[in-house]
Amino acid sequence: MQSAAFSFSPSLSLPKPRTLTASPFSTHRFNPLPTPSPSRSLHFVPNSSLFQSPSISSSSSSRFNGWISTPPMEPVRESGAAVEVRAAESAGETEKTSSLMSTLQLGSLFGLWYLFNIYFNIYNKQVLKVFPFPVTVTTVQFAVGSVLVLFMWTSNLYRRPKISGAQLLAILPLAMVHTLGNLFTNMSLGKVAVSFTHTIKAMEPFFSVVLSAMFLGETPTPWVVASLLPIVGGVGLASMTEASFNWAGFWSAMASNVTNQSRNVLSKKFMVKKEESLDNITLFSIITIMSLFLLAPVTFFMEGVKITPSYLQAAGLDVRQVYTRSLLAALCFHAYQQVSYMILQRVSPVTHSVGNCVKRVVVIVTSVLFFRSPVSPINSLGTGVALAGVFLYSRVKRIKPKPKSA
């Protein structure tokens, strides 16, 4: 039977330690030093804990080191200043993370805005080529959007709002300009090439500056006014050399500029009123339904009912193809308009207009490649000058005017 070494707690009375003589038959020894354990129980030292022969120093501190309890060390406490620094650093990191997430969300919204707009213009142009009734097409787009809104409300995907009569009256001008803006855009797309329509609509910063000064009291700086000159000149140069130019398409696109920017400015002004403001999804949903009711009677008196299968078949059109493309165009129309309002609530009308012009660059390029529209060198130059003016406008808009000295 193997022998074991015991270690006793310091509080017990023990005899004076004595040195054991080594024995060839013994592999264990008595260890007077206690094992580091807070309890007062017996501890068994395993066989692997073999020590060298103990040597007792003449120093009393070394001799009784194993029998003296050492008081526990108190934890080091940080000062108040260190805690404040740590809290400030944590708050700074949280703020940076929040800012990064907000930037990523805004960038994602812009990307979706561009993507939906590209598909809308492609499908919409394909429908208007074979079905030249822009009022009916616009009404169908509002109808599909209204169905989506009602589905969201009835299925509790989004909370159904409680609207007062005063709020409906405030939204009515927005619905009117929203209806006219989309109607004029479809009229222009039905008359001229997609690239030319969006080249004309690149003048939106000009109308945005004018309307923002009129309704929001934002006075533009001389640099901003100067940046508008290449935009206007580039659009004029592109219009002079456009192969598909006609005045109906030109003026429809210009009217769309005015109405769309009026909508943006009025929307921003409406949403600033905190006590009566609605969130972006609710505001756009109500505008969509109101636009349907505003345009449906006009459609009936101007173009009649032309979307029936019998009429399409009599016109020699593929009913399934027209319906499919019309539905896809309407879905993309509602999606990009919705995202546009979400962006508008986060940025200023001028920033929204600049982002809209960048979107036109993407739409112009994709439409030229998809439809293989003829583009002359001078036409390309005019479009490039206009878009360069938009970029310059976006840069100088960031410059804040110097405060007037007293």
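Relevant structure appears above.
Residues numbered from 1 in each chain as written. Predicted model: local features only at pLDDT ≥ 70, side-chain atom pairs only at ≥ 80, totals over all residues. Heavy atoms only, no water.

### Notes on empty space enclosed by the protein
- The tally for this structure, following the rule as stated, stands at 6 cavities of 30 Å³ or more.
- Approximately 180 Å³ is the volume attributed to the largest cavity.
- Lining the largest cavity are 22 residues, with K201, N260, Y336, K359 and R360 positioned closest to its centre.
- Among the residues forming the lining of the largest cavity, the class breakdown is 4 nonpolar, 13 polar and 5 charged. (1 Å grid on protein atoms, 1.4 Å probe; cavity = no way out; pocket = protein on both sides within 12 Å on 5 of 7 lines; lining within 4 Å. Points joined across faces, edges and corners; volume = space filled by probe spheres on them. Nonpolar A, V, L, I, M, F, W, Y, C, P; charged D, E, K, R; others polar.)

### Some remarks on helix α7 (residues 222–240)
- Taking 1.5 Å of rise per residue, 19 residues should cover 27 Å, and α7 covers 28 Å from first to last C-alpha, within 8% of that figure.
- Of the positions making up α7, those classed as buried are V224, S227, L228, I231, G234, V235, A238 and S239. One face of α7 carries all of its buried residues, which in axial projection span an arc of 135°. Among the exposed residues of α7, those pointing more than 90 degrees away from its buried face are P222, L229 and M240. (Helix = DSSP H or I, 4+ residues; strand = E, 2+ residues; numbered from the N terminus. Expected span 1.5 Å × (residues − 1). Buried < 20%, exposed > 50% of the residue type's maximum accessible area, 1.4 Å probe, protein only. Arc of directions from axis to C-beta.)

### A closer look at the environment of W247
- If you trace the backbone, W247 turns up in helix α8 (residues 247–272).
- Residues W247 and S188, 59 residues apart in the sequence, show an inter-C-alpha distance of 9.5 Å.

### What to know about helix α9 (residues 280–302)
- The end-to-end C-alpha distance of α9, which contains 23 residues, comes to 32 Å, matching closely the 33 Å that a straight helix rising 1.5 Å per residue would cover.
- Taken as a whole, α9 carries its principal kink of about 30° at L295; the proline P297 stands between one and four residues after it. (Bend = angle between axes of the 7 residues up to and from the residue.)

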